[in-house]
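# Architecture and fold: a report
Next come the chains, spelled out residue by residue.
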Amino acid sequence: MKKALKILIVDDEPLIGRSLQMAGESLGHQAKAVFSAEEALAIWPLFRPDLVFVDILMPGMSGLELLKKIPKDISAKTILISAHDKLNEEEMKKAGADCFIKKPFDDIFKLIQQAERLIE
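A short tour of the structure in this document, coming up.

## Describing the pairing of strand β4 (residues 77–82)
Buried residues dominate β4, accounting for 5 of its 6 residues. When strand β3 (residues 51–55) meets β4, the two strands line up parallel, connected through 5 bridges. Considered in β4, the bridge of Val 52 is made with Thr 78. Of the pairings in the sheet, the one linking β4 to strand β5 (residues 99–102) comprises 4 bridges and is parallel in character. Across the sheet, Ile 79 pairs through a bridge with Cys 99, a residue of β5.

## Digging into the packing of aromatic side chains
A complete count under the given rule lists 0 aromatic pairs for this structure. Above the ring of Phe 47, the side-chain terminus of Lys 6 is found at 5.1 Å from the ring centroid.

## Considerations on the environment of Ala 95
Considering the arrangement of structural elements, one finds Ala 95 in helix α4 (residues 89–95). For Ala 95 and Met 58, which are 37 residues apart along the polypeptide, the C-alpha to C-alpha distance reads 16 Å. With near-sequence residues (within four places) excluded, Ala 95 lies in contact with Leu 64, Leu 67 and Lys 68.

## Concerning helix α2 (residues 37–47)
All buried positions along α2 are accounted for by Ala 37, Ala 40, Ile 43, Trp 44 and Phe 47. Looking straight down α2, one finds that the buried residues subtend no more than 125° of arc, so they occupy a single side. In α2, the exposed positions that point more than 90 degrees away from the buried face belong to Ala 42 and Leu 46. Along its buried surface, α2 packs onto β1 (6–10), β2 (30–34), β3, α3 (63–69) and β4. A positive backbone phi angle near 50° is found at Arg 48, which sits one or two residues after α2.

## Overview of the side chain of Ser 82
Structurally, the position occupied by Ser 82 is in strand β4. Excluding residues within four positions of it along the chain, Ser 82 makes contact with Asp 55, Ile 56, Phe 100, Ile 101, Lys 102 and Lys 103.

Conventions we followed
- Residues numbered from 1 in each chain as written.
- Predicted model: local features only at pLDDT ≥ 70, side-chain atom pairs only at ≥ 80, totals over all residues.
- Heavy atoms only, no water.
- Buried < 20%, exposed > 50% of the residue type's maximum accessible area, 1.4 Å probe, protein only.
- Helix = DSSP H or I, 4+ residues; strand = E, 2+ residues; numbered from the N terminus.
- Pairing = 2+ DSSP bridges.
- Phe/Tyr/Trp six-rings, centres within 6.5 Å; stacked < 30°, edge-to-face > 60°.
- Lys NZ or Arg CZ within 6 Å of the ring centre and 35° of its normal.
- Contact = heavy atoms within 4.5 Å.
- Arc of directions from axis to C-beta.

Here it is in structure tokens:
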């Protein structure tokens, strides 16, 4: 049996955050959705996720800005998500993201399973 992961979802769209959370939980993971980068900064060191989905465009602090503020001793595989596909790959890597997935998602369960492979 695969290891249960701690998954943090950071997205200002509650439907997406809650959907990813429910999909992760249904696949046996501990998942938590937050709806702003500021909330993520507060919970990340306490929750210590293995995997994080981060929306790029959010009010206040963007997903890229959030990743730059996470202490370097806190590790997690990070997937940027956005409906906008004009993403500078160099900037993404510099921020510490492992990959990018475009919204809308075809299959939210396949998305979680794809992300699980980053941890294996």
